[in-house]
Amino acid sequence: MQEKLEKNKQEALDALDKIEDQDALDRWQSQYLGRNSVVMEAFKSLGTLSKEERPLVGKAANQVKVALESASREKETQLEEQRITESLASERIDVTLPGRRTVSGNIHPTNRTLREIYRIFGDMGFRIYRSREVETDLVNFQMLNFPPHHPARDMQDTFFIKSEGDRADNPLMLRTHTSPGQIHAMQEHTSKYPDDPPPIRIILPGMCYRYEQITSRSEVQFNQVEGLAVGKSITFQDLKGTLSNFARRMFGQSAKTRFRASHFPFTEPSAEMDVGCFLCGGKGCSVCKGAGWLEILGCGMVHPTVLINGGFDPEVYSGFAFGMGPERITMMRHHIEDIRYFWANDLRFLEQF
Amino acid sequence: MKVPISWLKEYVEINLPVEELAHRLTLAGLEVEEIRYVGLPLPADGNQETKISGFAWGRDEIVVGEVREVMPHPDADRLVLCRLDDGKQEHTVLTGASNLFPYLGKGELDPPLKVAYAREGATIIDAYSEEDPAALTTLKRKKIRGVESYSMACSERELGISEEHEGIILLDADAQTGMPLADYMGDAVLDIAITPNIARAASILGVAREVAAITDAKLRTPDLEPVMEGNSIEGKAVIEITNPEDNPRFVLGLIENVKIQPSPYLVQLRLKLAGLRPIDGLVDATNYTMLEIGEPLHAFDYDVLVKRAGGQVPKIITRRAEQGETLTTLDDVERKLDDFTVLVTDKAGPLSLAGVMGGADSEVTSDTVNVLLEGASWNYVNIRRTVSAQALPSEAAYRFERGVHPELAPQGVLRCLEWMRKWTGGTVAKGLVDEYPHPFEDVVVELTPGDVKRWLGITLTTEEIADLLKKLDFGVEIKQDLLVVNTPPHRLDIGEGMVGKADLMEEIARIYGYDRIPESYLAEGLPVQAGNRELDLEEKIRDSLAGLGLQEIVTYRMTSPAQELRARPPQEKAPEIDYVELSNPISAEKTVLRRDLLASMLEVVEKNFRNRDRIALFEIGPVFVPSEKGQEIQEITTLGICLSGKRNLPSWQSTDREIMGFYDLKGLVEELVSILHISGVKYLPESAPGFHPGKSARIEADGNLLGYLGEVHPQVVGNYGLPDRPLPAALLDVASLLAGVNELYEVTPVHDQPPVLEDLALVVDEEVPAGDVESLVRQTGGKTLREVRLFDVYRGEQLGEGKKSLAYSLVYQHPEKTLTDKEVLAIRNKIVKRLEKEVGAQLRSW
Ligand SMILES: [Zn+2]
């Protein structure tokens, strides 16, 4: 009987070797491990055997059964792996087909640039102060040291607003710059702290308006970001340092700055800050018009008259102010040659940011 | 201000290359916008900080030549042949220049005519080039009408001086034959932007003074002592200043027996390079002096004045124009005068618009023999107002409206008389008539090194400060730690007291060099920090909407009522809308400030719909509401949202081809208010102007109006020529959104107890708003009902006419325990009962 079992085991293992699919394996299992298999017959026959023979045959049958079951499991795993491999080999997608796009939105380029400016000055302790777009001559010009008929007004052609009654030298107008916000901010501050006002650091963004023909270089409306710092120890050196820091963060750590004398009625001394062209590294290109420098902002120490109009004593306080155009900066950074793109709202332009 | 370098060099030594000088001037606040080379060599290529134009004249090829004889051309009437010596040999030169014809057939000319001669191989401007800048051409040997030609006598256009091409350049007789023309008259012209604070530099001398200060060179001041060989001016003219405020100083000089003739070529050349047109020796003298030292001058025909005075001594009176007074100016325009216009008059009436333009009657002409020369100073305000009222800008007014120091009046007259004498051969009367009622007191400012430290941050000694200021001709007296600074008598820009100190700070910084001042980083303490809640919210809205797939736009704030009316259906002519109106609109499309974002957005859709299948836009910006009786104009920040076209971009995978409608936009708005944590938001059926009456809603948060949402009225869609399909838009008030935002919103705990899910379908009358049903379900379900989601709205025959079924999927969950079927059933029955009672709902039987 043991011989028969051993022979059957050998036969089964040989047969198992040749099996290549699950069906054949199922048949094999029923043939060698099923009810009528040699092994099972051997178990069934145990009762008929002698007391001596019974444990020997039982042991042998059990060994064969365990061996066949183990071999069968192994085969099963092998067949499964084989099936997965074959199936993976047949599944292929075209990875070059376009992906499923989710619709994405976008923020206007000017506001993107404004945010960067907010962030940089925010890190330096400047908070954001906004004020109205419809202004009076008094705040837009006179309190900023542009008396009526001052020649510097020529540089800021103004849109006036119809109003009832004669406002004489104080007509309503659309602000020509964000500088009137300086007056509002200082007056609010000094009336809140009439004695010994603490320092101010603010930036003032917003839309401004000038009576200029709309061309690729000029617009009737444009944004400006003004900045103002007032305190008891602020010097021209601080102006240079703060704005150079800004330039390095805005245009890259290697950005060079230079300060040229200039004129604004509300600052004295006044300056223009140029930044070494960040596109050509100062060698000269079409954006910097070959100069190697880009005009970025106007700045200066706050004029004593403006400090007084803001409620500060210029004998004790000093400060600096600056102003820049976020559209201009955006144009330089992205090589945009026509300012009209900003309000034309052609989606083919806006979607590129 | 156009400044020929050759002229500048008369007053200051310049050893720097032109570009380096331009760089230094630019840093010192005299921005050089362009350098125009006229004959002198251009700098080598490379980094050109300043814009450069013009071209260099070859030193060997373009020289002074002399025309010895002008002869007829054998075959052409309109051409002549010149016998020309270029210093080396004689050439025959062909030309059609009109100004040589008078010499035709005159034989050997004595003296010969000096011309600008371009030899064979010379590069000059192609006078017929249409390009800008004009193309250059090189002279080659060729035959013209049978005569060999290889060189030419040049016109101004051919040398890049002016547009003149009728005649050739005829140089002054002292030009040395054979000399390179560039050495004789080559130049480079700096175009300097003059800001209002440096009006004193609106002259060659003024620029020279700045150059001297910034290059540490010495200024050479012009000679102000003309040869005065005539009789005394005394008794020849009298001056009466009515109002010294308007006219602080008035000076007269006299030159007799002038002979009107052209001024020397080099004078004409300088005027041209500076942008003025030469006229004759007399007029050129006034312009030349104005450019040279900055004092505008006016010449009267003295004999006309005597005649007007009836043979008496002319009396010049300056005064304001009277009501209804007129003057015909020398451009032959009769001008009605305003009461702010100051006039130079005599007893017979107005002679000129003071400081702006002369009158036709008394102007100098080619017959003038005796000239009375005016140099004056005027109040800049009157000049500005007159220039703007008469639309009459002029070189003289340009200077007067920026302020000219009274001290320049006699200087100008003296200098000009000498030029007139030289260029017209007249005799200058001795002395001036000078009326100066209240001599101007130049400002004195006191300053300490401490002031410099406080403003500029740099430490300078009194001596160092004094040295810097003296370079600009300030008088400085040092009294221990104090500097007493006297403003020099040519500048009006230094204020008094604190302002004067600030003005001097700029001068100290400029001459010291802005670039030498070190950087520092605000040692001042940090101010009290504050956020800007409104801006933060706006930025959050931007981020949210962009994240939801919308593109931000920014449109013009200026529009016209007609443009805004396009966003209204025709019948909705509505009450007359008040606008904030511009009194000087730039165009018919931009006459008012907008009151509405809807029109702005629809214009953007109109512009883009042909290029895009899907448009989803938003804008955050103000609308402007006019003031009610003396109130301020309101600027109301508004959020506009607009959708048009397909929900999804067409794609090879996408199956959703639907057009966006009301519920797409409502979903966005719901998402937005949820991101902002605005609670208690309700959508009530109500229409707003421009919207579909049945497809729009009023949005409220806890009873406060947030804005409107709806599909745009179909006729409005038609007004913009857009496809006939839904176009949802929303207009929300940003301040109201802000008021509803709760930054400290509560978060509810999440639980792991097993939820019970079930569906509930209710049949209600069509009129019952789904919103009411849902809020009843929620209210009744209480806390245990964690989620309510409408998943189906059904209308059909089996429900009956006027009925709809609303199917909700409900999630019940108890925070602490597993709900039993019995507990869930109890809540469900409560909900159904309540709905039966309040809105007549029936459970839908499937
Ligand atoms: Zn560049």
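Everything discussed here concerns the structure shown above.
Residues numbered from 1 in each chain as written. Chains lettered and ligands numbered in written order. Predicted model: local features only at pLDDT ≥ 70, side-chain atom pairs only at ≥ 80, totals over all residues. Heavy atoms only, no water.

Undergrad: Describe the overall build of chain A, naming the residues involved and giving the relevant values.
TA: In terms of helices and strands, chain A carries 12 helices and 10 strands. Against the compact-globule benchmark of 20 Å for 353 residues, chain A has a radius of gyration of 43 Å, which places it well outside the compact range. Expressed as lengths along the three principal axes of its C-alpha atoms, the size of chain A is roughly 130 × 50 × 50 Å. Across chain A, the fraction of contacts at a sequence separation of at least 24, relative to all contacts at a separation of at least 6, is 67%. For chain A, the exposed surface amounts to about 16300 Å²; the carbon and sulfur share of it is 49%. (Helix = DSSP H or I, 4+ residues; strand = E, 2+ residues; numbered from the N terminus. Rg over C-alpha atoms; globule rule 2.2 N^0.38 Å. Contact = heavy atoms within 4.5 Å. Areas by Shrake-Rupley, 256 points an atom, 1.4 Å probe, with all protein chains shown as cover.)

Undergrad: Tell me about the coordination of the zinc ion, and name the residues and values.
TA: All names here are of chain A. Coordination of the zinc ion by the protein is provided by C277 (SG), C280 (SG), C285 (SG) and C288 (SG), with metal-donor distances spanning 2.2 to 2.3 Å. Read N to C, the donor residues that coordinate the zinc ion are spaced as C-x2-C-x4-C-x2-C. In this structure C285 comes out as partly exposed when scored by relative accessible area, which is 21%. (Donors = N, O, S within 2.8 Å, 3.2 Å for Na, K, Ca; no water. Buried < 20%, exposed > 50% of the residue type's maximum accessible area, 1.4 Å probe, protein only.)

Undergrad: Just give me the short version of the packing of aromatic side chains, but keep the residues and values in it.
TA: For the structure shown, the criterion picks out 24 aromatic pairs over all chains. Between A:F121 and A:F246, the ring centres sit 4.9 Å apart and the planes meet at 20°, which makes this aromatic pair stacked. Here A:F121, found in helix α5 (residues 109-123), pairs with A:F246, found in helix α8 (residues 236-251); they are 125 residues apart in sequence, far enough to count as distant. For the pair A:F121 and A:F246, a shared accessibility class is recorded, and that class is buried. Judged by its relative accessible area of 0%, A:F121 is buried. Site record: aromatic cluster; members linked through ring pairs are A:F121, A:F126, A:F246, A:F251, A:F278, A:F320 and A:F322. Stacked on the ring of B:Y512, the Lys or Arg B:R516 has its end atom at 4.0 Å from the ring centre. For the cation-ring pair, B:K590 lies above B:Y556, with the distance from its terminal atom to the ring centre recorded as 4.1 Å. (Phe/Tyr/Trp six-rings, centres within 6.5 Å; stacked < 30°, edge-to-face > 60°. Lys NZ or Arg CZ within 6 Å of the ring centre and 35° of its normal.)

Undergrad: I'd like a rundown of the side chain of A:D274, residues and numbers included.
TA: Tracing the chain through its elements places A:D274 in strand β8 (residues 267-276). If we ignore the near neighbours within four places in the chain, the residues touching A:D274 are A:K256, A:T257, A:R258, A:R260, A:W293, A:L294, A:E295 and A:I296.

Undergrad: Summarise the interface of chain A and chain B; cite the residues concerned and give the values.
TA: Taken together, the contacts link 100 residues of chain A with 91 residues of chain B. Taking both partners together, chain A and chain B bury about 8600 Å²; carbon and sulfur atoms supply 53% of that area. Viewed at the interface, chain B and chain A are joined by 11 salt bridges. At the junction of chain A and chain B, the tally comes to 49 residue pairs in polar contact (both at pLDDT 80 or more). No other element matches α8(A), which puts nine residues into the side of chain A that touches chain B. Taken together, the residues of the side of chain A that touches chain B sort by class into 45 nonpolar, 30 polar and 25 charged. (Buried area = accessible area lost by both parts, 1.4 Å probe. Salt bridge = Lys/Arg side-chain N within 4 Å of Asp/Glu carboxyl O. Polar contact = N/O pair within 3.5 Å; in protein donor to acceptor, adjacent residues only side chain to side chain. Nonpolar A, V, L, I, M, F, W, Y, C, P; charged D, E, K, R; others polar.)

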